Structures are given as C-alpha cells and as structure tokens.
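Listed below are the residues making up each chain.
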Amino acid sequence: MKIVIDDKIPYIRGAFEPFAEVVYLPGSKTTPDVVKDADAIVTRTRTKCNRGLLEGSKVKFIATATIGFDHIDTDYCREAGIEWTNAPGCNAESVNQYIASALFSYAQKNKFELSGKTIGVVGVGHVGSKVARLCQTIGMKVLLNDPPRERVEGPEKFASLKKIQEKADMITFHVPLNMKGEDATFHLVNDEFIGNLQKKPLLINSCRGEVFDTKAVKTGLKTEAVSDVIIDCWENEPQIDPELLSMAAFATPHIAGYSKDGKANGTKMSVQAISRFFKLGIDNWEPENVELPDETVIEIDGSRRSGFSVLQEAVLATYSIESDNNALRKDPAQFEKLRGDYPVRREFPTYLVKTKNVDNETADKLEELKFNILTE
C-alpha cells in the first residue's frame with residue numbers, strides 16, 4: 001500500500017508508516033507520476049485532484065485536510081470510482097477566532113464598540129453558526145442568511161440578502177464556492193450586490209476568494225458604497241491584487257483557519273477517514289504534541305472598564321490580526337511562505353483568563369467564548 005501526503009499537513013508523520021509506504025511531498029510536486037501507483041492521497045487545497053492528476057492511477061481514496069473541496073473534481077472521482085472526504089468544520093473555531101480578532105481590532109482602530117452594531121452573516125454552516133453566536137455574545141444584532149438552510153428549516157430565523165444589504169453595518173461571508181446553480185456564490189459580491197448596500201458596511205471575506213469580484217469591491221471602496229474590507233481569501237491566490245491589498249483595513253494570507261487546533265482537527269479527520277476506508281484499525285487516532293503558545297494565562301483587571309473592553313483584551317491576547325496584516329503588506333510575494341511557516345496560534349479553550357473586578361455578566365460571556373475562567 002502507498003499513501004502520498006502533502007508535506008505541509010502537520011502531526012501526520014508516523015500515523016500510516018506501520019501500514020504503508022508513505023511519501024511526503026509539497027503539493028506542487030504531487031504529479032501523475034507520483035500518484036500513479038498510490039492507493040490514497042492526503043492533500044490540501046493547492047493540489048488539483050482532477051483527471052489530469054488521477055487518470056490511470058491506482059488511487060482509491062482522497063482525503064483533504066480542509067473544509068473546502070473545490071480542488072477535487074468530484075464528478076471525475078465518481079466516474080473513476082474514487083472515494084473522497086473533506087474535513088467539514090475542522091477549523092471552524094479557528095475562523096471564529098479570526099473574525100473575533102478582526103472585529104475587535106477594527107473597532108479598536110476606529111474607536112467604537114461593537115455592541116448594538118448589526119452584522120449580516122452570509123452562510124450559516126459550521127463556521128457561520130459559530131460567528132453568529134460570537135456576535136450575539138458581544139452584543140451585536142445578527143442577521144442570518146443561508147438559503148439552503150432556509151429551504152429546509154423555514155424562513156423564521158433567516159434574513160434575505162436584500163435585508164442584510166439594507167440593515168447591516170458589517171457583513172461577513174462564510175459560504176462555499178459554488179460556481180453555478182441556485183446557490184451559486186461565485187462573485188456573490190459583485191457590482192449589483194454593492195449597488196444595493198444602504199449603510200456603507202464593512203465587508204469581510206474569510207471563506208473563498210472568488211466570492212468577491214475584486215474589481216467590483218475596489219469600485220465599491222472608491223465610491224464609498226463600502227466603508228472598508230477585511231480580506232483573508234483572495235482571487236488568484238497567491239498572486240493577489242496589490243491595489244485591493246493597499247485598500248483593505250486588514251489583509252491576511254488565507255490563514256483564518258490556521259490555528260494549530262484547526263490543523264490538528266483536519267489531520268485527525270483525514271487519518272480516521274483513511275483508516276475506516278482501508279480498515280487499518282486506527283479509527284480513533286489523535287494528533288500528539290500540538291504546540292502551545294509561550295503564554296496561556298491572561299490576567300485581566302476590570303476596574304473602571306466596560307465589559308466590552310474586557311472581552312476585547314481577552315480575544316486580542318490570543319491572536320492579533322495586526323501581525324498577519326503587517327507581514328503580508330511587508331512582502332506580498334511571500335504569500336505562500338507566510339502560510340507554510342505560520343506561527344503557533346491556539347484557540348480560546350487553550351487559555352485561562354484570570355479575572356479581577358470583572359462582573360458576572362462579562363465573566364459569563366468569556367465562558368461563552370470558551371475561555372477557561374478563574375475569578376479572584
């Protein structure tokens with residue numbers, strides 16, 4: 001048995017060695033010659049798993065350690081009898097942490113509080129659901145848009161895009177990339193979408209670059225139909241648009257889901273899926289030695305401070321979007337390297353927040369964000 005694994009997938013070394021010949025390669029070097037005698041591939045979004053790569057190979061199973069799977073030609077896989085799996089929700093908490101940092105940092109930069117602001121969450125799956133809860137916890141008004149869910153669950157808790165375009169101060173997108181059909185999301189944010197915005201909102205893209213029409217977004221910023229953008233996912237990555245980069249409030253190199261927890265989850269789900277398919281007997285495999293940050297204790301004194309500022313301090317102590325923003329602006333050509341060499345980032349449950357003079361309501365909100373709390 002032979003398994004080809006993208007060498008940027010963490011914590012996976014040693015998992016399959018008792019059962020197979022394992023080849024670790026950069027995604028760019030995963031070629032037809034390499035996979036022709038492979039039984040399985042463990043990959044990321046940079047490897048296009050299509051006819052060109054797979055035709056004539058022995059591949060029976062593809063596991064992508066990512067939420068997205070638009071790099072897998074699912075029609076060809078069906079035709080060729082190749083099973084595949086992705087890792088839905090693996091980095092949802094990581095993206096939620098990214099959005100929390102983005103919102104708090106943007107509020108800090110512009111000297112306002114998020115409480116009472118209206119945010120539209122477009123796409124309410126694994127990630128969007130967490131982001132909606134986050135925004136409710138910090139006191140925002142939340143409008144949910146998810147047509148597939150609305151068709152199943154009814155319209156009661158959902159809002160139309162039209163309503164979001166009219167009411168939202170901020171709009172964050174958490175949709176898959178669908179090129180066609182009733183729920184197409186390719187260039188969802190286009191000239192027409194931007195033309196219908198009423199409140200000059202902040203737009204955030206941490207899902208797929210192609211959900212935003214780059215040209216339309218730049219026009220929206222220039223005409224002030226859009227107040228600002230925060231962009232993690234870009235069209236034509238890694239060759240991102242330099243003008244849009246210069247115009248964004250925060251710009252990051254597609255790392256919203258790059259917490260160590262998210263990566264470990266994606267690896268775990270891929271290993272377990274391959275184990276189940278080939279009956280390897282490691283269906284409960286877990287990653288080991290997931291790195292910790294230098295400091296996991298956050299001490300906060302809430303004396304004469306708002307609850308909002310306490311939440312802000314806790315969130316930004318775990319992750320500051322500013323560092324990723326500065327690194328990308330310094331050298332956009334390093335887009336892929338910034339992703340490949342991403343530093344340790346852990347999610348809220350890794351941290352203990354020691355609070356002093358913090359009211360019960362704020363402490364409860366910290367717990368809702370999944371921090372561990374120790375109150376003096």
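Residues numbered from 1 in each chain as written. Predicted model: local features only at pLDDT ≥ 70, side-chain atom pairs only at ≥ 80, totals over all residues. Heavy atoms only, no water.

Trainee: Explain empty space enclosed by the protein to me, using residue names and the numbers behind them.
Mentor: Applying the stated rule across the entire model yields 1 cavity of 30 Å³ or more. Approximately 40 Å³ is the volume found for the largest cavity. Forming the walls of the largest cavity are Asn205, Gly209, Phe212, Thr214, Ile231, Cys233, Trp234, Glu235 and Leu244. For the lining of the largest cavity, a count of residues per class yields 5 nonpolar, 3 polar and 1 charged. (1 Å grid on protein atoms, 1.4 Å probe; cavity = no way out; pocket = protein on both sides within 12 Å on 5 of 7 lines; lining within 4 Å. Points joined across faces, edges and corners; volume = space filled by probe spheres on them. Nonpolar A, V, L, I, M, F, W, Y, C, P; charged D, E, K, R; others polar.)

Trainee: Mind laying out the nonpolar core, listing which residues take part and the relevant values?
Mentor: In terms of nonpolar packing, the biggest core is built from 51 residues, with Leu103, Leu114, Ile230 and Phe371 touching the most fellow members. Of all the secondary structure elements, the ones that give two or more residues to this core are α4 (92–110), β6 (118–122), α5 (126–137), β7 (141–145), β9 (202–205), β12 (297–301) and α12 (307–318). Here the element with the most residues in this core is α4; it accounts for 10 residues. Here this core spans two domains, since at least three of its residues come from each of domain 2 (91–251) and domain 3 (297–375). Counting 31 residues, the second largest nonpolar core, distinct from the first, contains Phe193, Leu203, Ala216 and Val217. (Core = buried A, V, L, I, M, F, W, Y, C linked by side-chain atoms within 4.5 Å. Buried < 20%, exposed > 50% of the residue type's maximum accessible area, 1.4 Å probe, protein only. Helix = DSSP H or I, 4+ residues; strand = E, 2+ residues; numbered from the N terminus. Domains from an automatic or database assignment.)

Trainee: Just give me the short version of the sheet that holds strand β14 (residues 372–375), but keep the residues and values in it.
Mentor: Reading across the sheet, the 3 strands line up as β12-β13-β14 and stay open at both edges, with parallel pairing between neighbours. Looking at the sheet topology across the chains shown, the edges are occupied by β12 and β14. Across the sheet, the mean angle from the axis of one strand to that of its neighbour is 25°, orientation sign disregarded. In this structure, β12 lies alongside strand β13 (residues 352–356), joined through 5 bridges in parallel fashion. When the sheet's bridge partners are listed, isoleucine 300 is paired in β13 with threonine 355. (Pairing = 2+ DSSP bridges. Axes fitted to C-alpha atoms, helices over the stretch in contact; angles between N-to-C directions.)

Trainee: Give a detailed account of the packing of α12 against helix α15 (residues 360–368), specifying residues and quantitative values.
Mentor: What describes two packed helices is the angle between their axes and the distance between those same axes. Contact pair α12 / α15: the axes reach a minimum separation of 10 Å and the direction vectors enclose 30°. On the basis of their axis angle, the class for α12 and α15 is roughly parallel. In terms of crossing hand, the pair formed by α12 and α15 is right-handed. Side by side, α12 and α15 meet where Gly307, Val310, Leu311 and Ala314 of the first sit next to Thr362, Lys365 and Leu366 of the second. Of the residues contributing to the contact of α12 with α15, the split by class is 4 nonpolar, 2 polar and 1 charged. (Parallel < 35°, antiparallel > 145°, perpendicular 65-115°, else oblique. Left-handed = near helix turned anticlockwise from the far one by under 90°. Contact = heavy atoms within 4.5 Å.)

Trainee: A description of the sheet that holds strand β5 (residues 83–85) should follow, citing residues and the corresponding values.
Mentor: Adjacent strands of a sheet pair through backbone hydrogen bonds, lying either parallel or antiparallel. One open sheet holds the 5 strands; their spatial order is β2-β1-β3-β4-β5, and the pairing between them is parallel. Unpaired on one side and paired on the other, β2 (21–25) and β5 mark the two borders of the sheet. Direction aside, the axes of adjacent strands within the sheet are offset by 15° on average. Alignment of strand β3 (residues 40–43) against strand β4 (residues 61–64), held across 4 bridges, turns out to be parallel. Across the sheet, the residue bridging to valine 42 is alanine 63, located in β4. Its contacts with the sheet place helix α11 (residues 260–278) against β1 (2–6), β3, β4 and β5, and it is angled at close to 165° to β4.

Trainee: Which residues make up the domain arrangement of the protein chain, and what values go with them?
Mentor: According to the domain assignment, the protein chain contains domain 1 (2–86 + 259–278), domain 2 (91–251) and domain 3 (297–375). Domain 2 puts 30 residues into the contact, and the matching count from domain 3 is 26 residues. Between domain 2 and domain 3 the total buried area reaches about 2,500 Å² when both faces are included, carbon and sulfur atoms providing 63% of it. For domain 2, the biggest contributors to the area lost against domain 3 are Gln97, Phe104 and Thr137; these three give 28% of the whole. Where domain 2 touches domain 3, the interface holds 1 salt bridge. Across the salt bridge formed by glutamate 93 and lysine 370, the nearest N and O atoms sit 3.4 Å from each other. Joining domain 2 to domain 3, the criterion identifies 14 residue pairs in polar contact (both at pLDDT 80 or more). Listing elements by their share of the side of domain 2 that touches domain 3, those giving two or more residues are α4, α5, α10 (242–247) and β11 (250–251). (Buried area = accessible area lost by both parts, 1.4 Å probe. Salt bridge = Lys/Arg side-chain N within 4 Å of Asp/Glu carboxyl O. Polar contact = N/O pair within 3.5 Å; in protein donor to acceptor, adjacent residues only side chain to side chain.)

Trainee: With reference to specific residues and values, describe the pattern of salt bridges.
Mentor: For the structure shown, the criterion picks out 26 salt bridges. Across the pair glutamate 243 and lysine 218 runs a salt bridge, and its minimum N-O distance is 3.0 Å. Linking glutamate 243 in helix α10 with lysine 218 in helix α9 (residues 214–222), this pair joins segments that are 25 residues apart in sequence. Overall, glutamate 243 belongs to the partly exposed group, its relative accessible area being 31%. Owing to a relative accessible area of 14%, lysine 218 belongs among the buried residues under this scheme. Residues participating in the shared-partner salt-bridge network are Arg46, Glu237, Glu336 and Arg339.

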